[in-house]
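This is what each chain is made of:
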Amino acid sequence: MSELTYDSLMDDGNYLGSERARMENKVILDELERKKKARNLAVPTDDNKVKARLREIGEPITLFGERAADRRDRLIYVLSQINAARGDDHTMEEASSEESEEEGEEFYTEGSLELLQARRNLAEFSLPRAQKRVAQQRIDSKIPLGRIIDIRKKVFAGVKRFSNIGSQIGDERPISQVRFAPNNKILATGSWSGTVKLWNVPACTTIRTLRGHADRVGGVAWHPQATLTQGEGLVNLVSGAGDMCVNLWSLNSDAPLSVMKGHADRICRVAFHPSGNFVASASFDTTWRLWDVNSSKELLLQEGHSKEVYAVEFQGDGALIASGGLDAIGRVWDLRTGRTAMVLDGHVQGIFGIDFSPNGYQIATGAGDDTIRIWDMRSLKALYTIPAHVSNVSDVRFFRADALPSFKPKAESADVVMNGITEDADADKSHDAEDDIQEWKYRSGLYLASSGYDGYVKLWSADDWQLLRTLTTDSGKVMSVDLTTDGELLASSTYNRNFQLFAPEDVPV
């Protein structure tokens, strides 16, 4: 299969499918247009006049069991059908001149050429990633049920063995967020004191303290290639704070590489795009913004929430971004077009945490109504509601198996031929390695972690949404939670200035 690109997508003349699909699409659009025009038809409200009008056009004046309101709706439908057939809209009137003005007015914000180019770059980046993800999901769908059950049992058994391995005082004020570096060896913490600290894990020794904010840090996020292929002197980390600034950091300096200003109120969460070229920030000014990392310029100011925007997160493909606000509404935006792809309407309190599943189409939101809601973008509705905590759900994070770990060699089989021929043993080892890789790819997104203001961190299965493990902390409020990509460490930050590390009991640290 050739790689899907922006240019090949544009050249695809079969975008709408067959001729039949195009005709069906046209019928749907025509019906929507007819209903829109029918709403503006001048139709009498007096039942006797409605009957008289029906008689004039040769329709039955009443049907069995029909009420006056139903009769008027039928008249509207018949008149709209007649007008559509004639192509005659003369009988249509606007409800009022004010409504006409409102319908004629469209609100647009003119975008820059930089934003236009960024949208094209985002499309070019996300299309092949989405293609590879779907191809992997097709492979996973062919795994036998028995094998899937074995993988689930093995993964969930490891999750249930998580326990506390230590707690460390991280700052002099509450720690708002923790995030593991892509290499799983460094932990970044953001504090209400305005500092960002980097820690060796699991030793919990300080590497560096980054000072550049004048108010509480609301969020931190790592560049996707930080500590891997990204140079230490380049942008490796981003933070947002109450001083309305988004700071970009390297790993070899205490001062920020760049300070991006534009928000009119405190900044809460920040996120790095999977390409590493863009950063998103959520703010109490009711907007989220998209920034260009290379130029340190604001590309997009996105409105859409009626109250403060608290959480923001990118989809793994890089095509979508989700925002959650204190208006209890979440929105999924298509970065390639700027349109809203889905509205997450169901919580009754503000949304504090949001995350995309690695499968690309499910979203988890944690809110002040003590629940986690799972949303499915394919059906455009909530899939499940988890009564997660007895106080605010402050953060949610899916497990992402981004990199293949170094698998330990299994014990050699005793059935080895004595003359030194080991072909069967080698074949078994190769088969075991394939099974390990298949299992590792499948386990990505198989569970998620949540933190709450009830003092607990909880781990949930991400297929039947059942509780797997409850972890206690040394505080009444857990502010944030994160998982390493190798599944061997979990970190949480608390209101009492500490952060905790958890690991499966059988994992050496």
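Scope of this entry: the structure provided in the associated data block.

The rules we used
Residues numbered from 1 in each chain as written. Predicted model: local features only at pLDDT ≥ 70, side-chain atom pairs only at ≥ 80, totals over all residues. Heavy atoms only, no water. Pairing = 2+ DSSP bridges. Helix = DSSP H or I, 4+ residues; strand = E, 2+ residues; numbered from the N terminus. Axes fitted to C-alpha atoms, helices over the stretch in contact; angles between N-to-C directions. Phe/Tyr/Trp six-rings, centres within 6.5 Å; stacked < 30°, edge-to-face > 60°. Buried < 20%, exposed > 50% of the residue type's maximum accessible area, 1.4 Å probe, protein only. Lys NZ or Arg CZ within 6 Å of the ring centre and 35° of its normal. Salt bridge = Lys/Arg side-chain N within 4 Å of Asp/Glu carboxyl O.

### So, the sheet that holds strand β20 (residues 372–376)
Reasoning step 1: On the basis of which strands lie adjacent, the open sheet formed by 4 strands has the order β18-β19-β20-β21 and antiparallel pairing. Two strands close off the open sheet at either side, each with one partner strand: β18 (351–356) and β21 (381–386). Each strand axis lies, on average, 20 degrees off the axis of its neighbour in the sheet, ignoring direction.
Reasoning step 2: Sheet analysis places strand β19 (residues 362–367) next to β20, joined by 5 bridges and oriented antiparallel. Within β20, the position partnered with Ala 364 by the bridge is Ile 374.

### Here's the deal with the packing of aromatic side chains
Reasoning step 1: Scanning all chains against the criterion turns up 6 aromatic pairs.
Reasoning step 2: Between the aromatic rings of Tyr 310 and Phe 352, the centroid separation amounts to 5.3 Å while the plane-to-plane angle is 75 degrees, which identifies the pairing as edge-to-face. Of this pair, Tyr 310 sits in strand β14 (residues 309–314) while Phe 352 sits in strand β18; the two residues are 42 residues apart in sequence, bridging distant segments of the chain. Neither Tyr 310 nor Phe 352 differs from the other in exposure class; each is buried.
Reasoning step 3: Chaining the aromatic ring pairs together yields one cluster made of Phe 399, Trp 440 and Tyr 447.
Reasoning step 4: Of note, Arg 216 hangs over the ring of Trp 192, and the distance from its end group to the ring centre comes to 4.1 Å.
Reasoning step 5: The lysine or arginine in question, Arg 266, covers the ring of Phe 284, its NZ or CZ lying 4.4 Å from the ring centre.

### A word on the pattern of salt bridges
Reasoning step 1: Under the counting rule described, the total for this entry stands at 23 salt bridges.
Reasoning step 2: Among the ionic pairs, Asp 317 bridges to Arg 133, the shortest N-O distance being 2.7 Å. Of the two residues, Asp 317 sits in the loop between β14 and β15 (320–325) while Arg 133 sits in helix α6 (residues 113–141), which places them 184 residues apart along the sequence. In this structure, Asp 317 and Arg 133 share a single accessibility class: buried.
Reasoning step 3: Here Asp 334 ties to Arg 336 by a salt bridge, and the two come within 3.0 Å at their closest N and O atoms.
Reasoning step 4: Of the residues examined, Arg 336 reaches a relative accessible area of 31% and is grouped as partly exposed.
Reasoning step 5: Each of Asp 47, Lys 51, Glu 66, Arg 71 and Arg 74 takes part in a single network of salt bridges with overlapping partners.

From the geometry alone we can't say anything about function, so treat these as descriptive.
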